[in-house]
Amino acid sequence: MDIQNKLAVLIDADNISYNSIKDVLEEITKDGIPTIKRIYGDWTNPGMHGWKAVLLDNSITPIQQYAYTTGKNATDSALIIDAMDILHKENIDGFCIVSSDSDFTKLASRLRESGKLVIGIGEHKTPKPFIASCNKFIYIEILKKAREGENSTKTPATSNSTDKKQTSESTELLKIDKKLKNLIYDTIEEKSDEDGWAFLGDVGQGITRKQNDFDARNYGFKKLSDLIESLNNLFLLEQRAVGDGKYKTTYVKNK
């Protein structure tokens, strides 16, 4: 994805902890520039007090939405209305909707119909319809565990191997099953040249288009190359020098 994409980041404060915001914003920069950052909630609620410093530190604009009626989520409505206004009035390439609420499923589908990139970020409890309506979906729990892994003390003897291992023993990781292996295999076949080699970046994008919540971190690996390397009985990895040799690209091939 183009990291120069201008993104509108719309956050449902009812569905995320302020402790996760830094991780979320850092993850978003991998896909673009957060040009618009807004968060929706009832800021008169004493329970929202912890957000103040986070919003100031990360330059996020709070949007006040009173809970007029018990049982009705006014925050969702405000976010949806703003998203449509941004779609038609602002020069934005994509949207990042931070929520675990299925109420944003139709919104995500509508934004994609307009040719916009839609990234969803939420918890594992997020309903499948919302996940499926996004181009890409990222789980907050994985971001948190990745940060905890980076902040943990590493000894020189184990730091290299840690990059290829699980980000946290307590993370609820997915198992590498036959379905995932077939997904990787088929995508390599589609992206490969006459010699069977495929650029790993193209393979990663191809996998995400087919399974939009795919992330190597869900399986305990920091990168797709680490995950594929663990399956060395099925796939080959090759590093190729680019230009003057200062940079290398990774290619993968089915065995």
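Just above, that's the structure.
Right, let's walk through the structure included here. Everything numeric here is computed off the predicted structure, so don't read it as measured data.

Let's shift gears to the sheet that holds strand β4 (residues 94-98). In spatial order, the strands read β3-β2-β1-β4-β5-β6; together these 6 strands make up an open sheet with parallel pairing. If you trace the sheet from one side to the other, it starts and ends with β3 (61-64) and β6 (136-139), each paired once. On average, adjacent strands in this sheet sit at an angle of 20° to one another, irrespective of strand direction. Direction of pairing for β4 relative to strand β5 (residues 117-122): parallel, over a ladder of 5 bridges. Bridging across to β5, Cys96 finds its partner in Ile119. Lying over the sheet, helix α4 (residues 105-113) contacts β4 and β5, oriented at roughly 170° with respect to β4.

Here β6 shows a buried face lined by Lys136 and Ile138 and a second buried face lined by Phe137 and Tyr139. Strand direction decides the pairing type here: β5 and β6, joined by 4 bridges, are parallel. Following the sheet pairing, Gly120 is matched in β6 by Phe137. You can see the chain leave β5, run along helix α5 (residues 128-133) and come back into β6, and the turn it takes is right-handed.

Before going further, it helps to examine the pattern of salt bridges. Applying the stated criterion across every chain, the model contains 9 salt bridges. The partner of Arg38 in a salt bridge is Asp82, with the nearest N and O atoms 3.1 Å apart. Linking Arg38 in strand β2 (residues 33-41) with Asp82 in helix α3 (residues 74-89), this pair joins segments that are 44 residues apart in sequence. Residue Glu123 is joined to Lys125 by a salt bridge in which the shortest nitrogen-to-oxygen separation is 3.5 Å. Through salt bridges with shared partners, a single ionic network connects Glu27, Lys30, Asp215 and Arg217.

Pairing is antiparallel across the open sheet formed by 3 strands, whose spatial order is β7-β9-β8. Two strands bound the open sheet, and with one partner strand each, they are β7 (197-199) and β8 (235-242). Each strand of the sheet is rotated relative to its neighbour by a mean of 35°, with strand direction disregarded. Pairing of β7 with strand β9 (residues 247-254), which is carried by 3 bridges, proceeds in the antiparallel orientation. Bridged to Ala198 within β9 is Val252. Along the sheet face, helix α8 (residues 178-191) touches β7, β8 and β9 and points at about 110° away from the line of β9. Packing of helix α9 (residues 200-210) onto the sheet brings it into contact with β7 and β9, and relative to β7 it is tilted by some 75°.

Procedures and definitions
- Residues numbered from 1 in each chain as written.
- Predicted model: local features only at pLDDT ≥ 70, side-chain atom pairs only at ≥ 80, totals over all residues.
- Heavy atoms only, no water.
- Pairing = 2+ DSSP bridges.
- Helix = DSSP H or I, 4+ residues; strand = E, 2+ residues; numbered from the N terminus.
- Axes fitted to C-alpha atoms, helices over the stretch in contact; angles between N-to-C directions.
- Contact = heavy atoms within 4.5 Å.
- Buried < 20%, exposed > 50% of the residue type's maximum accessible area, 1.4 Å probe, protein only.
- Right-handed = clockwise from strand over helix to strand, strands pointing away.
- Salt bridge = Lys/Arg side-chain N within 4 Å of Asp/Glu carboxyl O.

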